[in-house]
Amino acid sequence: EPEVTQTPSHQVTQMGQEVILRCVPISNHLYFYWYRQILGQKVEFLVSFYNNEISEKSEIFDDQFSVERPDGSNFTLKIRSTKLEDSAMYFCASRRSDSTYGYTFGSGTRLTVV
Amino acid sequence: DQQVKQNSPSLSVQEGRISILNCDYTNSMFDYFLWYKKYPAEGPTFLISISSIKDKNEDGRFTVFLNKSAKHLSLHIVPSQPGDSAVYFCAASPGANSKLTFGKGITLSVRP
């Protein structure tokens, strides 16, 4: 079964450093998303991406965040200057345009900012 | 702002019995509802969905019921199996391709 692949599985970074979280969505999917889950809290939407541009973003997704699909297969989330409160599990997801089919999520990247 | 509420944090059922997981929502714009299952250290896995034009959708042991007037949906798992033990998230969106708003999740434990 096709999978969404995320790397790394765990990243530890110092506060103020830049991090790039990487995702390889399923190849025939057209819509791409980043979500995050802070420990003990609900899964929160960050950003959606379609047709090589951001289609929607949440209040969390401020100027410190950016997304890119640099080569038609990878989908990256960059955090320019990490804060302690950015520590969370970050999930990439993708979906086809078929409305009866749910998102496919990756296994996540656990980001720890120290 | 809890637009999607899963008020019970946990549920424990005996193997072979029915598990009923409940979810309430407040946003009338939600049109599409999904259930996800999540094991530790893994991403959410899609289970089943329902659009607002239906009141029931069934897939094997899993059935989702939607009561639009009550803004309530439920996931029935029957018969429950120990492998069903996981965290279950209810999610909703205003359209099939829109962002998902998740509930806090409910931890289901199925006792052998």
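Quantities reported herein were computed from a predicted structural model and do not represent experimental measurements. (Residues numbered from 1 in each chain as written. Chains lettered and ligands numbered in written order. Predicted model: local features only at pLDDT ≥ 70, side-chain atom pairs only at ≥ 80, totals over all residues. Heavy atoms only, no water.)

*Asks:* Help me understand the overall build of chain B, please; the structure alone is not making it clear to me.
*Replies:* A count of helical and extended segments in chain B gives 0 helices and 11 strands. Each helix and strand of chain B, placed in order from N terminus to C terminus, yields the pattern β-β-β-β-β-β-β-β-β-β-β. Taken over the C-alpha trace, chain B has a radius of gyration of 13 Å; the compact-globule value for 112 residues is 13 Å, and the two agree within 12%. Considering only C-alpha atoms, chain B reaches an extent of 40 × 30 × 20 Å along its principal axes. Contacts in chain B between residues at least 24 apart in sequence constitute 54% of all its contacts with a sequence separation of at least 6. Working note: accessible area of chain B is about 5200 Å², and carbon and sulfur atoms make up 49% of it. (Helix = DSSP H or I, 4+ residues; strand = E, 2+ residues; numbered from the N terminus. Rg over C-alpha atoms; globule rule 2.2 N^0.38 Å. Contact = heavy atoms within 4.5 Å. Areas by Shrake-Rupley, 256 points an atom, 1.4 Å probe, with all protein chains shown as cover.)

*Asks:* Whenever I open this one, the interface of chain A and chain B confuses me. Can you help?
*Replies:* The figure often quoted for interface size is the accessible area lost as the parts come together. At the junction of the two partners, chain A supplies 20 residues and chain B supplies 21 residues. Around 1600 Å² of area is buried between chain A and chain B when both sides are counted, 56% of it from carbon and sulfur atoms. Considering only the side of chain A, the residues that lose the most area to chain B are A:Lys42, A:Tyr103 and A:Phe105, jointly responsible for 32% of the buried surface there. At the junction of chain A and chain B, the tally comes to 1 salt bridge. Two residues, A:Glu56 and B:Lys99, come together in a salt bridge whose shortest N-O distance is 3.8 Å. Residue assignment for the side of chain A that touches chain B shows that the elements contributing at least two residues are strand S4 (31–37), strand S5 (43–50) and strand S9 (88–95) of chain A. Of all the elements, S4(A) adds the most residues to the side of chain A that touches chain B, at 4 residues. (Buried area = accessible area lost by both parts, 1.4 Å probe. Salt bridge = Lys/Arg side-chain N within 4 Å of Asp/Glu carboxyl O.)

*Asks:* Just checking my understanding: could you explain the sheet that holds strand S1 (residues 4–5) of chain B for this structure?
*Replies:* The pairing of strands in a sheet comes from backbone hydrogen bonds and takes either a parallel or an antiparallel form. All names here are of chain B. Spatially, 5 strands are ordered S1-S3-S8-S7-S6 in an open sheet, and the strand pairing comes out antiparallel. Of all strands in the sheet, those bounded by a partner on one side alone are S1 and strand S6 (56–59). Relative to strand S8 (residues 72–77), strand S3 (residues 19–25) runs antiparallel, the two being bridged by 6 bridges. In the strand pairing of S8, Ser19 is matched with Ile77. (Pairing = 2+ DSSP bridges.)

*Asks:* How do you make sense of the pattern of salt bridges when you look at a structure like this?
*Replies:* Any two side chains of opposite charge can pair, given that their charged atoms come close. Residues and elements named next belong to chain B. Considering all chains together, one arrives at 5 salt bridges over all chains under this definition. Put simply, Arg61 and Asp84 hold a salt bridge, and the shortest N to O gap is 2.8 Å. Note that Arg61 is positioned in the loop between S6 and strand S7 (62–67) and Asp84 in the loop between S8 and strand S9 (86–93), a separation of 23 residues in sequence.

*Asks:* Sorry if this is basic, but what is going on with the sheet that holds strand S1 (residues 5–7) of chain A here?
*Replies:* Residues and elements named next belong to chain A. As summarised here, the arrangement of the 4 strands in space is S1-S3-S8-S7, forming an open sheet in which the pairing is antiparallel. If you trace the sheet from one side to the other, it starts and ends with S1 and strand S7 (65–68), each paired once. Averaged over all pairs of adjacent strands, the angle between their axes in this sheet comes to 20 degrees, without regard to strand direction. Judged from the 5 bridges that link them, strand S3 (residues 19–24) and strand S8 (residues 75–79) form a sheet pairing that is antiparallel. (Axes fitted to C-alpha atoms, helices over the stretch in contact; angles between N-to-C directions.)

Everything listed is a geometric property; what it means functionally is a separate question.
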